[in-house]
Amino acid sequence: MTSLRNKVVFITGASSGIGLACARIFAADGARILMAARRLDRLKKLADELRAAHKVPVHAFDLDVRDQPAVERAIAGLPPEWAAIDVLINNAGLSRGLDKIHEAKISDWEEMIDTNIKGLLYVSRAVIPGMVKRGAGHVINIGSIAGHELYPGGNVYCGTKFAVKAISQGMRIDLVATPIRVSSVDPGMVETEFSLVRYHGDKEKADKTYKGLTPLTPDDIADAVHYCATRPPHVNINDMIVMPQAQAGVLVVNRV
Ligand code: NDP
Ligand code: 8X3
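Residues numbered from 1 in each chain as written. Chains lettered and ligands numbered in written order. Predicted model: local features only at pLDDT ≥ 70, side-chain atom pairs only at ≥ 80, totals over all residues. Heavy atoms only, no water.

**Q** I'd love a proper account of the pattern of salt bridges, names of residues and values included.
**A** Counted by the stated rule, this structure contains eight salt bridges. Note that R24 is salt-bridged to E49, the shortest N-O span being 2.8 Å. You can see R24 sitting in helix α1 (residues 17–28) and its partner E49 sitting in helix α2 (residues 40–54), a full 25 residues away along the chain. The exposure class assigned to R24 is partly exposed, which follows from its relative accessible area of 36%. Accessibility expressed as a relative area gives 32% for E49, which makes it partly exposed. For R42, the salt bridge identified is with E193, shortest N-O distance 2.9 Å. With a gap of 151 residues between them, R42 in helix α2 and E193 in the loop between β6 (181–187) and α7 (194–198) connect regions that are remote in the sequence. The class for R42 is partly exposed, based on a relative accessible area of 32%. E193 gets classed as partly exposed once you look at its relative accessible area, which sits at 25%. The network of salt bridges with shared partners includes R39, R42 and E193. (Salt bridge = Lys/Arg side-chain N within 4 Å of Asp/Glu carboxyl O. Helix = DSSP H or I, 4+ residues; strand = E, 2+ residues; numbered from the N terminus. Buried < 20%, exposed > 50% of the residue type's maximum accessible area, 1.4 Å probe, protein only.)

Okay, here's the thing in structure tokens:
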């Protein structure tokens, strides 16, 4: 097993859902939690909670992963005790809209591509050189079942997650001669703020997504991420697809 005690675990998008659950499970295991998102107020609350519950060091900062110079500055300017990132969890991401290709808003496309693909790349480009230099590290990308299958209106969101799948594979190829591991955790339906964001705040529509089935919880996915991170150093979990029992594919859902 790889011990996470005192390891620096950097989680993007830790202010909600899967990222927040990852912060909790890694803190419970004694890791030092470095976390970022745009909503710093939420991160500050979470930092207080983690310090009190697990007595671990926590460093939270405000970051928009779409802003490449800001990403570079933030990583380069980390206090020395936080600079050696051991585990990077590229989790920040979102969907916007569920519209047909000829009807969708261009701004929704831009936001998904800028966050899910370009943001993940900016953070990775800033963090991985240090891992290579130190000869240690693990990158865990949060993909999706939407990176394996398409559904109506999923066009661009699915495209971004297919890109994450390709980028994860590309990272593994480029880093194979180093000790760095690259994993991808690809969930099906997880009840988070994801659908609320997809439907631009329409709670009624968002709630319908999870009606009639037991969806995954953020803790279920954090558990999978933690499993990847704690394998022995010679074991790399390439890709974990994690689905609710009642979901056999993006379009095959048993609702009762
Ligand atoms: P949430 O909406 O609950 O959380 C998304 C997180 O991403 C928030 O912390 C948000 O923080 C952060 N984020 C979004 N945009 C940016 C940005 N530009 N810069 C920094 N942080 C950002 O959704 P989930 O927890 O469900 O989503 C996490 C990941 O899981 C995403 O990559 C998503 O695609 C993926 N996923 C989700 C599934 C689901 O069914 N829920 C299934 C499969 C994959 P803030 O707004 O404060 O910046
Ligand atoms: C989120 C899951 O099925 O809405 O990635 O695309 S899905």
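**Q** Break down the site of ligand 1 for me, citing the residues and quoting the values.
**A** Looking at ligand 1, there are 30 residues lining it, with S15, S16, R38, Y157 and T192 nearest. Within the backbone of V190, an N or O atom sits 2.9 Å from an oxygen atom of ligand 1. Within the complex, the protein chains bury 96% of what would otherwise be the 870 Å² of accessible surface of ligand 1. Residue classes in the shell around ligand 1 are distributed as 13 nonpolar, eleven polar and six charged. (Near = heavy atom within 4 Å. Polar contact = N/O pair within 3.5 Å; in protein donor to acceptor, adjacent residues only side chain to side chain. Areas by Shrake-Rupley, 256 points an atom, 1.4 Å probe, with all protein chains shown as cover. Nonpolar A, V, L, I, M, F, W, Y, C, P; charged D, E, K, R; others polar.)

**Q** So what's going on with the nonpolar core? Which residues, and what values?
**A** Formed by 36 residues in total, the largest nonpolar core has its most connected members in F26, I33, M35, I89 and V225. Looking at this core, the elements with two or more residues in it are β1 (8–12), α1, β2 (32–37), α2, β4 (87–90), β5 (138–142) and α9 (218–229). Take this core: its biggest share by element is seven residues, from α1. Other than its neighbours up to four places away in sequence, I33 contacts V9, I11, A23, F26, A27, L50, P57, V58, H59 and W82. Grouped together as the second largest cluster of nonpolar side chains are 29 residues, A70, V71, A74 and M171 included. (Core = buried A, V, L, I, M, F, W, Y, C linked by side-chain atoms within 4.5 Å. Contact = heavy atoms within 4.5 Å.)

**Q** Tell me about the sheet that holds β4, and please be specific about residues and values.
**A** One open sheet holds the seven strands; their spatial order is β3-β2-β1-β4-β5-β6-β7, and the pairing between them is parallel. The open sheet has two free edges, formed respectively by β3 (58–62) and β7 (239–242), since each of these has just one partner strand. Shown here is a sheet whose adjacent strand axes are inclined to one another by a mean of 15 degrees, direction ignored. Note: β1 against β2, five bridges, orientation parallel. Counterpart to F10 in the pairing with β2 is L34. (Pairing = 2+ DSSP bridges. Axes fitted to C-alpha atoms, helices over the stretch in contact; angles between N-to-C directions.)

**Q** Can you break down the layout of surface pockets residue by residue, with the values?
**A** Volume-wise, the second largest pocket comes out at about 220 Å³. Surrounding the second largest pocket, 14 residues form its lining, T2, A136, G137, H138 and R181 being those nearest its centre. (1 Å grid on protein atoms, 1.4 Å probe; cavity = no way out; pocket = protein on both sides within 12 Å on 5 of 7 lines; lining within 4 Å. Points joined across faces, edges and corners; volume = space filled by probe spheres on them.)

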